[in-house]
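A look at the structure
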Amino acid sequence: MNMILGMMVFALGGLAGATFLLPARGVRNWAYETWWMFYCVIGLVLCPPVICAITVPDFWSVTMSASGKTLLQCAFFGAIWGVGGLTWGLMVRYLGIGLGLAIGCGLCAATGTLIPPIVQGHAADLVKDTGAIIVLAGVVGSLAGIGFVGYAGKIKENELPEEEKKKAVAEFDFRKGMIVAVVSGVCSACMNFGLQSGGAIEKAAYDAAVKAGVVSAGSAYPWQGMPVIMVVLWGGFLVQAAWVVQQHAKHGTFGDYFHRGPIVRNWVLASLVGVMWVFQFVCQKAGEPLMGELKYISFAIVMASTILFSTVIGVFTGEWKGTSGKTRACLALGTIVLVVSFCAISLGSK
């Protein structure tokens, strides 16, 4: 174990999660669905197998050695996440990076904790002992944090004239943003369900690495989770690609990729969105083997780091410029409550 290094890796994942949409601000003359498809192809389809080929010996055989049930389960959760991924982009589009990611990540962590035991018929486990009660308190705290952050956004909407709101977030719309944030937070939690469903694939990757002499038996192997990421993201791609094709047909934007520019600049920036996005989950899975028995905190730490970094970015990009001290204090309080709540969820899980 190397817990300090593991936590640093998780924090890097949070930084990637908070910043991956920044390059999209430089895309010009493309419809929303055009650069989103570019991000999907690069981040969801191409990057995962490239990463697997670099890090896992004979990764395709390793992946296919898992049962059909395991592969379908990972892909299914990925498909549900695909819905959340679509609304995640819309959430940031309408609320901005600081407000949008704070609400989205908070809901994601809360639903990711509550849904599994309820769906499995073990709702009583949420209050079965001290640890479970601490987890539940953390979930309630995260919802309270979301409330503070959401209230700050509502005050912001009332304080600033329309032209000021549009300077930082061109399509700011609090009502639309909150609706898609709820859908996105619930569906996006399925990403973690999918990543944690591929234990058999991770074991096969570890065994292949030991056999190939890449790692000695008993040592941590940070890359064993990469094939799981690939399966989950391919499931998510099917949903997102279907939506993009529908939007292209609706708006007549199929020709954006080659006829509206600056083409090369847009290709590079949209590709960068995909690379940065997938990096957050590469960090999550790469950090888990370094944590030993504490690997369960990976998702909470990545989400908490995303909120922290996104809040800072939102401040520096002017999303809260011109707001009152009350609004900023409410935002700061909500962010602190969210981060503390995630720590409580992790402590209670242990």
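Computed from a predicted model, the values in this text were never measured in an experiment.

Observations regarding the overall build of the protein
Counting its secondary structure elements, the protein contains 15 helices and zero strands. For a compact globule of 350 residues, the expected C-alpha radius of gyration is about 20 Å, and the protein comes in at 20 Å, within 12% of that figure. The burial tally for the protein puts 55% of its 350 residues in the buried class. Taking as baseline every contact in the protein between residues at least 6 positions apart, the subset at least 24 positions apart corresponds to 84%. As displayed, the protein has an accessible area near 14900 Å², and 70% of this comes from carbon and sulfur atoms. Looking at charge distribution, the protein has the averaged site of its 23 positive side-chain charges lying 3 Å from that of its 17 negative ones.

Section: the confidence of the model for the protein
Overall, the predicted model of the protein reaches an average pLDDT of 85, with 94% of residues at or above 70. The lowest-confidence element of the protein is helix H7 (residues 162-168), averaging 64 in pLDDT; the highest-confidence one is helix H3 (residues 59-64), averaging 95.

Quick notes on the packing of helix H2 (residues 32-55) against helix H13 (residues 263-287)
Viewed as axis vectors pointing N to C, H2 and H13 meet at an angle of 50 degrees, and their least axial separation amounts to 8 Å. Here H2 is positioned oblique relative to H13, judged by the angle of their axes. In the crossing of H2 with H13, the sense of the turn from one axis to the other is right-handed. Between H2 and H13, the contacting residues are Trp 35, Phe 38, Tyr 39, Ile 42, Gly 43, Leu 44, Cys 47, Pro 48 and Ile 51 on the first element and Trp 267, Ala 270, Ser 271, Val 273, Gly 274, Val 275, Trp 277, Val 278 and Val 282 on the second. The residue inventory of the contact of H2 with H13, partitioned by class, reads 15 nonpolar, three polar and no charged.

A look at the pattern of salt bridges
Inspection of every chain in the model, using the stated rule, returns four salt bridges. Here Asp 207 and Lys 203 are joined by a salt bridge, their closest N and O atoms 3.0 Å apart. Residue Asp 207 and its partner Lys 203 are both found in helix H10 (residues 199-211); the two are separated by four residues, about one turn of the helix. The exposure class of Lys 203 is exposed, given its relative accessible area of 53%.

Quick word on the side chain of Thr 327
Counting through the fold element by element, Thr 327 comes out in helix H15 (residues 325-349). Overall, Thr 327 belongs to the buried group, its relative accessible area being 0%. Ignoring anything within four residues of it in the chain, the contact list for Thr 327 reads Ala 152, Ile 155, Lys 156, Glu 159 and Trp 320.

Considerations on the environment of Val 315
With respect to the element layout, Val 315 can be found in helix H14 (residues 298-316). Relative accessible area serves as the criterion here: at 48%, Val 315 is assigned to the partly exposed category. For the pair Val 315 and Gly 84, spaced 231 residues apart in sequence, the C-alpha separation works out to 25 Å.

Brief notes about a nonpolar patch on the surface
On the surface, a nonpolar cluster with roughly 420 Å² of combined accessible area is contributed by Leu 308, Val 312, Val 315 and Phe 316. Looking at the element boundaries, Val 312 is found in helix H14.

Notes on the packing of aromatic side chains
Given two aromatic rings, their pairing is described by the distance between the two centres and the angle made by the two planes. Taken as a whole, this structure holds 19 aromatic pairs when the rule is applied. Ring geometry for Phe 38 and Trp 267: centres 6.2 Å apart, planes at 20 degrees, overall stacked. Linking Phe 38 in helix H2 with Trp 267 in helix H13, this pair joins segments that are 229 residues apart in sequence. The exposure class assigned to Trp 267 is partly exposed, which follows from its relative accessible area of 30%. With a centroid separation of 6.1 Å and 45 degrees between ring planes, the pair formed by Trp 60 and Trp 234 is classed as tilted. Here Trp 60 is found in helix H3, whereas its partner Trp 234 is found in helix H11 (residues 226-251), with 174 residues between them in sequence. Classification of Trp 60 by relative accessible area gives partly exposed; the value is 43%. Ring pairing ties together the aromatic residues Phe 20, Tyr 32, Trp 35, Trp 36, Tyr 39, Trp 81, Trp 243, Trp 277 and Phe 281, which thus form one cluster.

Side note on the environment of Gly 13
Mapped onto the fold, Gly 13 is located in helix H1 (residues 3-19). Taking the C-alpha atoms as reference points, Gly 13 and Gln 280, 267 residues apart in sequence, are found 3.7 Å from one another. If we skip the residues at most four places from it in the chain, Gly 13 touches Gln 280, Cys 283 and Val 302.

Remarks on H10
When the terminal C-alpha atoms of H10 are compared, their 18 Å separation across 13 residues agrees well with the 18 Å that a helix rising 1.5 Å per residue should span. Along H10, the positions that sit buried rather than exposed are Ile 201, Glu 202, Ala 204, Ala 205, Tyr 206, Ala 208 and Ala 209. The elements touched by buried residues of H10 are H3, helix H4 (68-95), helix H9 (190-195), H11 and H13. One or two positions beyond H10, positive phi appears at Gly 213, with a value near 80 degrees.

Conventions and cut-offs
Residues numbered from 1 in each chain as written. Predicted model: local features only at pLDDT ≥ 70, side-chain atom pairs only at ≥ 80, totals over all residues. Heavy atoms only, no water. Helix = DSSP H or I, 4+ residues; strand = E, 2+ residues; numbered from the N terminus. Rg over C-alpha atoms; globule rule 2.2 N^0.38 Å. Buried < 20%, exposed > 50% of the residue type's maximum accessible area, 1.4 Å probe, protein only. Contact = heavy atoms within 4.5 Å. Areas by Shrake-Rupley, 256 points an atom, 1.4 Å probe, with all protein chains shown as cover. Lys, Arg positive; Asp, Glu negative; His and termini not counted. Charge placed at Lys NZ, Arg CZ, Asp CG, Glu CD. pLDDT = per-residue confidence, 0-100. Axes fitted to C-alpha atoms, helices over the stretch in contact; angles between N-to-C directions. Parallel < 35°, antiparallel > 145°, perpendicular 65-115°, else oblique. Left-handed = near helix turned anticlockwise from the far one by under 90°. Nonpolar A, V, L, I, M, F, W, Y, C, P; charged D, E, K, R; others polar. Salt bridge = Lys/Arg side-chain N within 4 Å of Asp/Glu carboxyl O. Patch = residues over 30% accessible without salt bridge, like charges linked within 9 Å, V, L, I, M, F, W, Y side chains within 5 Å. Phe/Tyr/Trp six-rings, centres within 6.5 Å; stacked < 30°, edge-to-face > 60°. Expected span 1.5 Å × (residues − 1).

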